[in-house]
Amino acid sequence: MMDVVIGLEVHVQLKTKSKIFCSCPADYTKDIPPNTHICEVCTGQPGSLPVFNKKVLEYGVLLSLATESRISKLIRFERKNYFYPDLPKSYQISQYRAPLSYGGFIELKSGKRIRLQRIHMEEDAGKLVHVAGETFIDFNRAGVPLLEIVTEPDISSPDEAVEFLTLLRETVRYLGISDGDMEEGSLRCDANISLKPEGEDRLGTKVEIKNINSFKFVKRALEFEIKRQTEVLKSGGRVIQETRLFNEAKGTTESMRTKEEAHDYRYFPDPDLVPIEISQELIDRVSEDLVELPLQKYWRFRKEYGLNDERASILKSDYYMAEFFERTVKFVGNPEKVANWMTVEITGILRNVGKELKETPLTPENFSSLLKLLFEGKISRPAAKSVLKRALEIGEDPIQLIENEGLLQSRGDLSPLIEEILRSHADQVKDYCNGRKKIISFFIGQAMKITRGKADPVELKKIFEEKLKDACKGLD
Amino acid sequence: MKLEDFSIFELSYLLKKRQIRAVEIVERYLSIIEEKNSKLNAFISVNERALEEAKRVDESISRGEAIPPYAGIPIAVKDNINIKGMETTCASEILKGYIATYDATAVRKLREKGFIFIGKTNMDEFAMGSSTEFSSFGPSRNPHDPERVAGGSSGGSAVAVASGMAQAALGSDTGGSIRLPASFCGVYGLKPTYGRVSRYGLVAYASSLDQIGPIARNVEDIAILLSVISGWDENDSTTSTMPVSDFFEYIFENRDRETYRIALPEEYWGEGLSIEVRKVLEEFLGFLKMNLFKIEKVSLPHTKYAIPSYYIIAMAEASSNLGRFDGVRYGRRVEGRTFREMIENTRGEFFGEEVKRRVLLGTFVLSAGYYEDYYLKAQKARTLIINDFKNIFREYDFVLAPTSPTLPFRIGEKIDDPLKMYLSDIYTVSPNLAGLPALNIPVGFSNGLPVGIQLIGNYFSENRMLKFAYFVEKEYSG
Ligand SMILES: [Zn+2]
């Protein structure tokens, strides 16, 4: 057997208002016309100079604190020199010898810690746009701030890699510093992977995989590469040190460049930017923005509310959802039922309509009211579901819906209806009394038809049973 | 008295008193450009709107409107400093036709004070050179002997000022590029303390050494220009927040005699100094002694590392700074089948020999395996050089050194010998490495060619330096 050794280099794009070295808006999404959020600095006009956006430092410090990284006292920026059409200055301002922080970790559910070698700040490049055989450059993205997170080679399976990335994504979202969206490019991941005989200390030759653009491809790319390297080694071959590109369409990796062709980036301190001292004061101020982290929340939900792995995992995956859950439980108790409604019903409906919980009018308050009505038997389960569905889909207040449509039910209200049904179906009542107990579903069906599903079938069954018992007595 | 013999202060005064019109001033300078530029090659481009701007100044004055303090005074600007809407070529083929999209901070500040930009001056390509011979527009010529170089790289600015084609000029100084041409042309040229003047809009050659500074015919004009262009700039993180005094007012108000303590570092006064230059400078030192200044020989022991450190650091930074001239977004381009080929063709075709040499050497010293041996060592030497100066300034007010080891040399004399050319900077690179202010003061002639002395001051001591120079100007040169 072979041991798998994986290290990740993750780029997280920060949600600051302006770019890292100029005052252009950092927003470069599809609706922004190309080359409109640009200036002399981010297009590298001769004579322009970078000025560091301190917000980027705050975001970087926040992630460093969240990962228990050691924050450097004095940091500086360096230039990474290479030519590429989307790189306006022909160097990227990055950090090399004095990164923001180092030595942190992210803990997996298993308790295993994936150590972080470093976290550093840098600027994004522009974007090449290919239209009708021609290539254009959009510099809206040039200078958007990034954090690069480099792990130690501590990851030993594709699943662990996915779990690490998931936790990292959730963490940056919890902290509000990034969208962490791989498909949109606000979270990007390169992987270094090597194999070695089980138990061997020396690492095998590592291969770098680039161009992994979605969560599902992380696993697929790594699995393919493990298979490929295993086969190379099994057949007596040697893995060569190289950079490979993941091909989404084929699900394979393809050689891009070998070690000999590797870039020499000629890093050196950027003389345009002065070294930055990170004061304890800044760290203290930023640490006030720290929140409970995804995995901490996961464990607390399991212990405090007795939730199972799946429910706790889903709830912790989104900060807003987790908060929503806890506030709802505070109002109505029943954590397991609340969790069930949230992780099954709400999550399902949202997935179908492609919305996020915070975009809907559902609040812990009105959701609690809805659940209270349900728990007290004042509204049926199907009615509650349908109200929830419409609230999430159309965006209406659920309690308003209930009131408008008169969905509230009560025993008193149902009795005359049930008596009427029994009166007009004397034959079926006789059958029931004669032992055909199953016919009760016929009565329930009638009631549901008349109430257009408003009534709770469980409730109906109970009332029908009582009334029929009386009716059978009358027949005797 | 000719118009060009007045100072900025005097011209502004006459203008406000309506004894002279802005149009007259600008026309006078344009006519001198017309007369002399074809021979001396000081300007790369002349501002066609200069007269128009002067007319507007006159109209404002005649309407009795308030005008900025230096309205209508024509200034020349080195062609590596951006003036919005005008061409910035850096005397390079690669940037010919490039129109600046914004004003350099120094330019903006001058504009706000009313100065008129009369034209962009010639220079060594991307400021890489000591003679203005490495210009794709041909060399600038020394007004005192057109067969000789003007010095570089701000040769065009120094020539323009020395020959009366502009009231004053901006240059940039990375290793002597203001002081050397000022010395060769017989004018004042100041490299301010690093961080005193914003570099925003100055096309970078070596960012940790570059500094914009004034070149002028008199100390007053240097003081006025320095006051205008100095100060912290939100667009340049390396500018200092140190408050800026009005240097002109300072030298005007403080005319008391001081007894200065002056250091003469033996490393600057040794064998390499030519006899002609030495003779003129020693005469000047005699004048200082007569004034009872304390003048003592000292040692700056790490001076021998200055030239190698300077060229390593400057070339390293240049190799990165010039990466942006890739033919992608602006400037000229030679097509190719691939991106790589296009870049290679463009840079191969449009960069001059000296630029290529420095970019290649700079790339080399930053390469993996050489970074520690060259770049880091040079930085360490830089620290030693800084400490040398710090020690001296504990006991002395100024350091005096020659600006150039030789008189202006003949055009073509050193162009094929880069090492000889690099040694022209032997006395000027240290202040850049240390970030110190340094001023060329013209102190005489030898064989009809100007000789300058270099006054090096402590950090942000420009006011005292200018006071000293003012004294020399009045008591010695004048
Ligand atoms: Zn910008």
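Residues numbered from 1 in each chain as written. Chains lettered and ligands numbered in written order. Predicted model: local features only at pLDDT ≥ 70, side-chain atom pairs only at ≥ 80, totals over all residues. Heavy atoms only, no water.

Student: Sorry, what's going on with the overall build of chain B here?
Tutor: For chain B, the count of helices and strands is 16 helices and 13 strands. The C-alpha radius of gyration computed for chain B amounts to 21 Å, which stays within 12% of the reference 23 Å derived for 478 residues, consistent with globular compactness. Here chain B holds 478 residues, and 64% of them are scored as buried. Contacts in chain B between residues far apart in sequence, at least 24 positions, make up 75% of those at least 6 positions apart. Carbon and sulfur atoms make up 50% of the accessible area of chain B, which totals about 17200 Å². Counting 57 positive and 62 negative side-chain charges, chain B places the averaged centre of each group 1 Å from the other. (Helix = DSSP H or I, 4+ residues; strand = E, 2+ residues; numbered from the N terminus. Rg over C-alpha atoms; globule rule 2.2 N^0.38 Å. Buried < 20%, exposed > 50% of the residue type's maximum accessible area, 1.4 Å probe, protein only. Contact = heavy atoms within 4.5 Å. Areas by Shrake-Rupley, 256 points an atom, 1.4 Å probe, with all protein chains shown as cover. Lys, Arg positive; Asp, Glu negative; His and termini not counted. Charge placed at Lys NZ, Arg CZ, Asp CG, Glu CD.)

Student: What am I meant to see in the pattern of salt bridges here?
Tutor: Opposite charge on two side chains permits them to pair, given that their charged atoms come into close proximity. All names here are of chain A. Under the definition given, this model contains 65 salt bridges over all chains. Arg327 is paired through a salt bridge with Glu365; the nearest N and O atoms lie 2.4 Å apart. A residue pair is termed long-range when its members are at least 10 positions apart, and Arg327 in helix 7 (residues 319-332) and Glu365 in helix 9 (residues 364-375) qualify at 38 residues. Overall, Glu365 belongs to the partly exposed group, its relative accessible area being 35%. Through salt bridges with shared partners, one network takes in Glu292, Lys297, Arg300, Glu304, Glu323 and Glu326. (Salt bridge = Lys/Arg side-chain N within 4 Å of Asp/Glu carboxyl O.)

Student: Would you take a moment to explain the packing of helix 8 (residues 335-353) of chain A against helix 10 (residues 381-394) of chain A for this structure?
Tutor: When two helices pack together, their arrangement is given by the angle between the helix axes and the distance between those axes. All names here are of chain A. It is at 10 Å that the axes of helix 8 and helix 10 come closest, and there the two elements cross at 40 degrees. Regarding the angle of helix 8 to helix 10, the classification is oblique. When the axes of helix 8 and helix 10 are compared, the crossing they make is right-handed. The segment helix 8 lies against helix 10, with Trp341, Glu345, Ile346, Ile349, Leu350 and Val353 engaging Arg381, Ala384, Lys385, Leu388, Lys389, Leu392 and Glu393. Class assignment for the residues of the contact of helix 8 with helix 10 results in 8 nonpolar, no polar and 5 charged. (Axes fitted to C-alpha atoms, helices over the stretch in contact; angles between N-to-C directions. Parallel < 35°, antiparallel > 145°, perpendicular 65-115°, else oblique. Left-handed = near helix turned anticlockwise from the far one by under 90°. Nonpolar A, V, L, I, M, F, W, Y, C, P; charged D, E, K, R; others polar.)

Student: In this structure, what is going on with the packing of aromatic side chains? I would like to understand it.
Tutor: The relation between two aromatic rings is expressed through the spacing of the ring centres and the mutual angle of the planes. Residue and element names in this part refer to chain B. Applying the stated criterion across every chain yields a total of 46 aromatic pairs over all chains. Each ring, one from Tyr98 and one from Tyr330, has its centre 5.3 Å from the other, and the planes form 50 degrees; the classification is tilted. Of the two residues, Tyr98 sits in the loop between strand 2 (74-78) and helix 4 (105-112) while Tyr330 sits in the loop between helix 10 (306-321) and helix 11 (339-350), which places them 232 residues apart along the sequence. On the basis of relative accessibility, which here comes to 9%, the residue Tyr330 falls in the buried class. On the basis of an interplanar angle of 25 degrees and a centroid distance of 5.9 Å, the ring pair of Phe287 and Phe471 is categorised as stacked. Of this pair, Phe287 sits in helix 9 (residues 275-290) while Phe471 sits in helix 16 (residues 462-477); the two residues are 184 residues apart in sequence, bridging distant segments of the chain. Given the relative accessible area of 10%, Phe287 is considered buried. (Phe/Tyr/Trp six-rings, centres within 6.5 Å; stacked < 30°, edge-to-face > 60°.)

Student: What is the right way to look at the coordination of the zinc ion in this model?
Tutor: Tetrahedral coordination by four donors sets the ideal angle at the metal to 109.5 degrees; octahedral coordination by six donors sets it to 90 or 180 degrees. Residue and element names in this part refer to chain A. The coordination sphere of the zinc ion, as far as protein atoms go, consists of Cys22 (SG), Cys24 (SG), Cys39 (SG) and Cys42 (SG), spread over 2.3 to 2.4 Å. For the zinc ion, the 4 donor atoms in the first shell make angles of 100 to 113 degrees at the metal, so the coordination geometry reads as tetrahedral. For the zinc ion, all donor residues lie on one chain, and their spacing in sequence is C-x1-C-x14-C-x2-C. Of this pair, Cys24 sits in the loop between strand 1 (2-13) and helix 1 (54-66) while Cys39 sits in the loop between strand 1 and helix 1, placing them 15 residues apart in sequence. Taking relative accessible area as the criterion, Cys24 reaches 8% and is therefore assigned buried. (Donors = N, O, S within 2.8 Å, 3.2 Å for Na, K, Ca; no water. Tetrahedral: all angles 85-135°; square planar, octahedral: opposite > 155°, others 65-115°.)

Student: Sorry, what's going on with the interface of chain A and chain B here?
Tutor: Accessible area lost when the parts come together is the quantity often used to give the size of an interface. With 33 residues of chain A at the interface, the matching set in chain B holds 39 residues. Carbon and sulfur atoms make up 55% of the surface buried where chain A meets chain B, a total of about 2800 Å² over both sides. Where chain A touches chain B, the interface holds 1 salt bridge. Summed over the shared surface of chain A and chain B, the number is 22 residue pairs in polar contact (both at pLDDT 80 or more). (Buried area = accessible area lost by both parts, 1.4 Å probe. Polar contact = N/O pair within 3.5 Å; in protein donor to acceptor, adjacent residues only side chain to side chain.)

Student: Would you take a moment to explain empty space enclosed by the protein for this structure?
Tutor: One simple way to see leftover space: roll a probe sized like a water molecule over the atoms. Residues and elements named next belong to chain A. Applying the stated criterion across every chain, the model contains 4 cavities of 30 Å³ or more. When its volume is computed, the largest cavity comes out at roughly 130 Å³. Phe21, Val41, Cys42, Lys89 and Glu123 are the residues nearest the centre of the largest cavity, which is lined by 18 residues in total. A class-by-class count of the residues in the lining of the largest cavity yields 11 nonpolar, 2 polar and 5 charged. (1 Å grid on protein atoms, 1.4 Å probe; cavity = no way out; pocket = protein on both sides within 12 Å on 5 of 7 lines; lining within 4 Å. Points joined across faces, edges and corners; volume = space filled by probe spheres on them.)

Student: Where do I start with the domain arrangement of chain A in this structure?
Tutor: Taken domain by domain, chain A consists of domain 1 (2-287), domain 2 (294-404) and domain 3 (411-475). On a C-alpha basis, the centroid separation for the pair domain 1 of chain A and domain 3 of chain A is 66 Å. (Domains from an automatic or database assignment.)

Student: Help me understand the environment of Val451 of chain B, please; the structure alone is not making it clear to me.
Tutor: Residue and element names in this part refer to chain B. Within the element layout of this structure, Val451 appears in strand 13 (residues 449-457). Val451 gets classed as buried once you look at its relative accessible area, which sits at 3%. In sequence terms Val451 and Lys36 are 415 residues apart; their C-alpha atoms lie 22 Å from each other. Setting aside its immediate chain neighbours within four residues, Val451 contacts Ser183, Val277, Val280, Leu281, Leu407, Ile441, Pro442, Val443, Gly444, Phe445 and Ser446.

Student: Explain the environment of His130 of chain A to me, please; I cannot follow it from the model alone.
Tutor: All names here are of chain A. Relative to the elements of secondary structure, His130 occurs in strand 8 (residues 127-131). We classify His130 as exposed; its relative accessible area is 60%. A distance of 3.1 Å separates a polar atom in the side chain of His130 from a polar atom in the side chain of Thr135.

Student: Would you mind showing me how to read the state of the cysteines here?
Tutor: By definition, a disulfide links the sulfur atoms of two cysteine residues through a covalent bond. All names here are of chain A. Inspection of the entire model under this criterion finds 1 disulfide over all chains. Across the disulfide, Cys433 is cross-linked to Cys472 (sulfur-sulfur distance 1.9 Å). Taking the sign of the S-S torsion, -90 degrees for the link of Cys433 and Cys472, the bridge is left-handed. One end of the pair, Cys433, is in helix 13 (residues 426-433); the other, Cys472, is in helix 15 (residues 457-475), and 39 residues separate them in sequence. (Disulfide = S-S within 2.5 Å.)

Student: Can you help me understand the nonpolar core in this one?
Tutor: As a rule of thumb, soluble globular proteins bury nonpolar side chains together. With 159 residues, the main nonpolar core has Phe115, Phe126, Ile262, Leu288, Phe389, Ile441 and Phe468 of chain B as its most contacted residues. By residue number, the principal contributor to this core is helix 10 of chain B, which donates 10 residues. Excluding residues that lie within four positions of it along the chain, Ile441 of chain B makes contacts with Tyr188, Val451, Gly452, Ile453, Leu455, Phe468, Ala469 and Val472 of chain B. The next biggest cluster of nonpolar side chains, apart from the first, holds 98 residues, and it includes Ile106, Ile149, Phe215 and Leu388 of chain A. (Core = buried A, V, L, I, M, F, W, Y, C linked by side-chain atoms within 4.5 Å.)

Student: What's the story with the pairing of strand 6 (residues 168-173) of chain B in this structure? I'm lost.
Tutor: Along any regular strand the residues' side chains alternate between the sheet's two faces. All names here are of chain B. Counting buried residues in strand 6 gives 6 out of 6 residues, a clear majority hidden from the surface. Across the two faces of strand 6 the burial is the same, with Ala168, Leu170 and Ser172 and Ala169, Gly171 and Asp173 all buried. Alignment of strand 2 against strand 6, held across 3 bridges, turns out to be parallel. By the bridge assignment, Val77 is partnered in strand 6 with Leu170. Across 6 bridges, strand 6 lies against strand 8 (residues 211-216) in antiparallel orientation. (Pairing = 2+ DSSP bridges.)

Student: Sorry if this is basic, but what is going on with the environment of Asp272 of chain A here?
Tutor: With respect to the secondary-structure elements, Asp272 of chain A resides in the loop between strand 15 (268-269) and strand 16 (276-277). Judged by relative accessible area, which is 2%, Asp272 of chain A ranks as buried. C-alpha separation for the pair Asp272 of chain A and Phe77 of chain A, spaced 195 residues apart in sequence, amounts to 9.1 Å. With residues near it in sequence (within four places) discarded, Asp272 of chain A still touches Leu49, Pro50, Arg79 and Tyr91 of chain A together with Arg199, Ser207, Ser237 and Thr238 of chain B. Separated by 3.0 Å, the side chains of Asp272 of chain A and Arg79 of chain A make a polar contact.

Student: In this structure, what is going on with unusual backbone geometry? I would like to understand it.
Tutor: Peptide bonds are trans in most cases, and residues, glycine excluded, mostly fall at negative phi. Residues and elements named next belong to chain B. That bond from Gly152 to Ser153 is cis: its omega, 10 degrees, falls within 30 degrees of zero. With respect to the secondary-structure elements, Ser153 resides in the loop between strand 5 (145-149) and helix 5 (155-162). Here Leu292, not a glycine, exhibits a phi torsion of approximately 65 degrees, which is positive. Residue classification places Leu292 among the exposed residues on the basis of a relative accessible area of 67%.

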